[in-house]
Amino acid sequence: MAADRERESRAESRSPRFRLDQPRNPRPKLLPDYDPEAFGRLSERIARFLGTGRFIVWMTVVIIMWVVWNVAAPDHLRFDQYPFIFLTLMLSLQASYAAPLILLAQNRQDDRDRVNLEQDRKQNERSIADTEYLTREIASLRMGLGEVATRDWIRSELQDLVKELEEHRAVFPADGSRRSDVSDR
């Protein structure tokens, strides 16, 4: 009895037991949580805007205003002197964010295209299978109709019989006198 208690206390002191029928407590996360779909939609919107003429016009207006302000404004109001290093920094920052967002949007579009192509391929396979099935059905119907008497075939057969009867009358004319074949016997 004492040995059993001692064994249990040693087992408990070695490592804590985890219950397998209950979920573990979640670990604290170092990075913030975000929805990848929402982030992807936002990146697509930004990439779509960056590819418009409106963005180019606004960017041009901002740069022109920046340069004019820092050249024409009084010295104490200028925030970026002639080589415009801060402007270069801002444009580099904008480009460094725009490029990955555009690539993310392109990857999402590639994924959508891949799914659409797969669906199109499956639809084409189904269409081909349906077409082959209908082709076989039409062929079997044609074979079955080849053995069915059609109106034109019956008409041609009747015309042939009428011709034969006319030829038979020409060979054996019907005269008004009826002879009996009793005397021939």
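Remember, predicted model here, so these are calculated numbers, not experimental data.

Trainee: Explain the overall build of the protein chain to me, please; I cannot follow it from the model alone.
Mentor: When helices and strands are counted, the protein chain shows five helices and zero strands. Reading the protein chain from its N end, one meets helices and strands in the order α-α-α-α-α. Put simply, the protein chain has 185 residues, and 9% of those count as buried. Long-range pairs, those at least 24 residues apart, make up 54% of the contacts in the protein chain between residues at least 6 apart in sequence. As displayed, the protein chain has an accessible area near 17500 Å², and 60% of this comes from carbon and sulfur atoms.

Trainee: Would you take a moment to explain a nonpolar patch on the surface for this structure?
Mentor: Taken together, the side chains of Trp-69, Leu-77, Phe-79, Phe-86, Leu-89, Met-90, Leu-93 and Tyr-97 present a nonpolar region at the surface, about 810 Å² in accessible area. Looking at the nonpolar patch element by element, the count peaks at five residues for helix H4 (residues 85-146). Looking at where Trp-69 falls in the secondary structure, it is placed in helix H3 (residues 53-72). Looking at Trp-69, the relative accessible area reads 41%, which means it is partly exposed.

Trainee: Teacher, can you tell me more about the confidence of the model for the protein chain here?
Mentor: A low pLDDT means the predicted coordinates there should not be read in detail. Residues with a pLDDT of 70 or more make up 85% of the protein chain, whose mean pLDDT is 85. Model confidence for the protein chain, summarised as mean pLDDT per element, is weakest for helix H1 (residues 2-14) at 64 and strongest for H3 at 94.

Trainee: I'm lost on a negative patch on the surface in this one. Help?
Mentor: Side chains of Glu-157, Asp-160, Glu-164, Glu-166 and Glu-167 sit close together on the surface and give a patch of like negative charge. We classify Glu-166 as exposed; its relative accessible area is 52%.

Reading guide: rules and limits
Residues numbered from 1 in each chain as written. Predicted model: local features only at pLDDT ≥ 70, side-chain atom pairs only at ≥ 80, totals over all residues. Heavy atoms only, no water. Helix = DSSP H or I, 4+ residues; strand = E, 2+ residues; numbered from the N terminus. Buried < 20%, exposed > 50% of the residue type's maximum accessible area, 1.4 Å probe, protein only. Contact = heavy atoms within 4.5 Å. Areas by Shrake-Rupley, 256 points an atom, 1.4 Å probe, with all protein chains shown as cover. Patch = residues over 30% accessible without salt bridge, like charges linked within 9 Å, V, L, I, M, F, W, Y side chains within 5 Å. Salt bridge = Lys/Arg side-chain N within 4 Å of Asp/Glu carboxyl O. pLDDT = per-residue confidence, 0-100. Lys, Arg positive; Asp, Glu negative; His and termini not counted. Charge placed at Lys NZ, Arg CZ, Asp CG, Glu CD.

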